[in-house]
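The chain contents come next:
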Amino acid sequence: MTALVGASGEGKTTLLNVIGLLDTDYSGQVELFGQKVNELNQTEMARLRNQQIGFILQEPLLIKNMSVRDNILLPTVYLDKSLRKSKDYYLARAEQFADQLGVSQVFDQKPATLSGGQKQRVTAIRALINDPQLILADEPTGSLDEENAKIIMDLLKKLSREGKTVFTVTHDSHIASQHDRVLQLKKRKYYCKGELTMGFWIMLLSGLIGLALVIYAFKKELPKGQKIAFWLIGAALLVFAVALALPNGLQL
């Protein structure tokens, strides 16, 4: 389970849309499930998205004139015939998830009659009905109370234990802390929170060498020109290390 955190406007949802094959307006190369996404046409991307990716969004987008059951089963209609199993199989799968999430009693109702928490749980079941390998969750608990948020997080953790990849965008530090890995998006760059990056080691090494040179020049009897050179090099390394350490300073 990986969480992505960052300030609004940094591009978290954009990244999610790129991974989810919803946004193709970017430069560079994206590989997903061993395939180069840039080489796929729209039909191939739609097929890959429906088969392998499940979306859990902050706003549960359910079709108003369809029952909860039909909303959940909708993604199965677009599966390739070679991959599609029987309707009874998917119905049993939906009912199993519904029992786990406590929404089996609303199967025949329309979305308008459901609470916000029920809608979110129904959306989660729909996202999982085709047994995707990748679950993309965009603020999945953002509009939920504590009880419903826990239900959704317990489901995501269970899926992760079963071998699924879960990628969550969130502003909630408590939700982020429940993931195995937390990435921070800052100035459109990604940093692994809690991990010692290359930049950290460069900062540490620069600071130590700079401090050692300054102390050496201060304590040793050296020719004036040599002493000044040690001072300048040491001071420069210390300034460089401080610049790396500052939140808005240099970034590697």
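Let us look at the structure shown here. (Residues numbered from 1 in each chain as written. Predicted model: local features only at pLDDT ≥ 70, side-chain atom pairs only at ≥ 80, totals over all residues. Heavy atoms only, no water.)

When helices and strands are tallied, the chain shows nine helices and eight strands. Compactness check: the chain gives a C-alpha radius of gyration of 25 Å against a globular reference of 18 Å for 252 residues, more than 25% above the reference. With respect to the principal axes defined by its C-alpha atoms, the chain has extents near 90 × 40 × 30 Å. The buried share among the 252 residues of the chain stands at 40%. When contacts within the chain are restricted to residue pairs at least 6 apart in sequence, those whose partners lie at least 24 apart make up 68%. Surface accessibility of the chain: about 14,400 Å² in total, with carbon and sulfur atoms responsible for 56%. Counting 30 positive and 25 negative side-chain charges, the chain places the centres of these two groups 6 Å from one another. (Helix = DSSP H or I, 4+ residues; strand = E, 2+ residues; numbered from the N terminus. Rg over C-alpha atoms; globule rule 2.2 N^0.38 Å. Buried < 20%, exposed > 50% of the residue type's maximum accessible area, 1.4 Å probe, protein only. Contact = heavy atoms within 4.5 Å. Areas by Shrake-Rupley, 256 points an atom, 1.4 Å probe, with all protein chains shown as cover. Lys, Arg positive; Asp, Glu negative; His and termini not counted. Charge placed at Lys NZ, Arg CZ, Asp CG, Glu CD.)

Two side chains of opposite charge can pair, provided their charged atoms sit close to one another. Per the stated rule, a full pass over the model turns up six salt bridges. Close ionic contact of D80 with R47 constitutes a salt bridge, the shortest N to O distance being 3.2 Å. Of this pair, D80 sits in the loop between α3 (68-77) and α4 (87-101) while R47 is found in helix α2 (residues 42-52), placing the two residues 33 residues apart along the sequence. When its relative accessible area of 33% is taken as the criterion, R47 is described as partly exposed. Residue R69 is joined to D108 by a salt bridge in which the shortest nitrogen-to-oxygen separation is 2.4 Å. (Salt bridge = Lys/Arg side-chain N within 4 Å of Asp/Glu carboxyl O.)

Moving on to the environment of V18. Within the element layout of this structure, V18 appears in helix α1 (residues 12-19). A sequence separation of 19 residues divides V18 from V37, and the C-alpha atoms of the two residues are 9.7 Å apart.

Right, let's talk about helix α6 (residues 146-161) for a bit. Compared with the 22 Å implied by 1.5 Å per residue over 16 residues, the 22 Å span of α6 between its first and last C-alpha is a close match. Residues of α6 that are buried: N148, A149, I152, M153, L155, L156, L159 and S160. Take α6 and look down its axis: the buried residues cluster within an arc of 155°, on one side only. In α6, the exposed residues that point more than 90 degrees away from the buried face are E146, E147, K150 and R161. Buried positions along α6 lie against β4 (53-57), α4, α5 (116-128), β5 (134-138), β6 (165-169) and α7 (173-176). (Expected span 1.5 Å × (residues − 1). Arc of directions from axis to C-beta.)

A few words on the packing of aromatic side chains. In the structure shown here, the tally under the stated rule is two aromatic pairs. Aromatic side chains Y216 and F230 sit 5.2 Å apart centroid to centroid with 65° between the ring planes, which places their arrangement in the edge-to-face category. Residue Y216 is found in helix α8 (residues 198-219), and its partner F230 is found in helix α9 (residues 224-245); the two are separated by 14 residues along the sequence. Relative accessible area serves as the criterion here: at 22%, F230 is assigned to the partly exposed category. (Phe/Tyr/Trp six-rings, centres within 6.5 Å; stacked < 30°, edge-to-face > 60°.)

Glancing now at unusual backbone geometry. A positive phi angle is found at L21, which is not glycine, with a value near 65°. By the secondary structure assignment, L21 is in the loop between α1 and β2 (31-32). Judged by its relative accessible area of 4%, L21 falls in the buried class. Of note, the phi angle at F33 is positive, near 55°, even though the residue is not glycine. Inspection of the secondary structure puts F33 in the loop between β2 and β3 (35-36). Using a relative accessible area of 36% as the deciding quantity, one classes F33 as partly exposed.

Purely geometric numbers; function is a separate question.
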